[in-house]
Amino acid sequence: MEARDAELKKELDATLHARKELGEEYESALIDSFLEKVEQRLDGTVDRRVRRQLAEQQMAVARDARSPQGSSDSWGERFGFGIVSLVLAIPLSAIGGGVAELPGLLVAWAGIVGVNVVQAARLSPDFFSRRRKSSKDSEWEG
């Protein structure tokens, strides 16, 4: 970064020296030229930063694509969802029981259980599937 600052300082010194030699008539042209060089330098710096950030994002996406699904945050997501559903169960139970008594309470808890079953099925599709034993796998047969 300091090398670029040194180059920019040289450009500024050259511009100021040229202004002294040429006079005030060329001042706006010299300033425009210098500002154009600064703008080009800034554009190059921004382009490099954007390219670097895009490459980092692409690497992060590639890493996520290679990681196995549901392994890292599956437990945390399940735990958090369970806690949230239990916390929300309290007011839902009170509202359902207060408005429609026992049927309202049953409907509220059926909804809570249903939402949790759907969430469990989404996170672990094989959780509800049972392996059916064939006659070869039976322990009673020889």
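As the structure is a prediction and not an experimental result, all values here were calculated from the model.

Asks: Please give an account of unusual backbone geometry that cites residues and values.
Replies: The backbone of E101 shows a phi angle near 55 degrees, a positive value even though the residue is not glycine. By the secondary structure assignment, E101 is in helix α3 (residues 74-123). On the accessibility criterion, E101 (60% relative accessible area) is exposed.

Asks: I'd like a description of the pattern of salt bridges, backed by residues and values.
Replies: Applying the stated criterion across every chain, the model contains six salt bridges. D13 is the salt-bridge partner of K9, the closest N and O atoms lying 4.0 Å from each other. Remark: D13 and K9 occur in helix α1 (residues 2-22); sequence separation between them is four residues, near one turn of the helix. Overall, D13 belongs to the partly exposed group, its relative accessible area being 42%. The salt bridge partner of E27 is R19, with a shortest N-O separation of 3.3 Å. Given the relative accessible area of 28%, E27 is considered partly exposed. Overall, the relative accessible area of 28% leaves R19 in the partly exposed class. Members of the salt-bridge network, linked through shared partners, are R19, E24 and E27.

Asks: Give me the lowdown on a positive patch on the surface, citing residues and values where you can.
Replies: A cluster of basic residues, R48, R49, R51 and R52, forms a positive patch on the protein surface. Relative to the assigned elements, R51 resides in helix α2 (residues 27-66). Judged by relative accessible area, which is 54%, R51 ranks as exposed.

The rules behind the values
- Residues numbered from 1 in each chain as written.
- Predicted model: local features only at pLDDT ≥ 70, side-chain atom pairs only at ≥ 80, totals over all residues.
- Heavy atoms only, no water.
- Helix = DSSP H or I, 4+ residues; strand = E, 2+ residues; numbered from the N terminus.
- Buried < 20%, exposed > 50% of the residue type's maximum accessible area, 1.4 Å probe, protein only.
- Salt bridge = Lys/Arg side-chain N within 4 Å of Asp/Glu carboxyl O.
- Patch = residues over 30% accessible without salt bridge, like charges linked within 9 Å, V, L, I, M, F, W, Y side chains within 5 Å.
- Areas by Shrake-Rupley, 256 points an atom, 1.4 Å probe, with all protein chains shown as cover.
- Lys, Arg positive; Asp, Glu negative; His and termini not counted.
- Charge placed at Lys NZ, Arg CZ, Asp CG, Glu CD.

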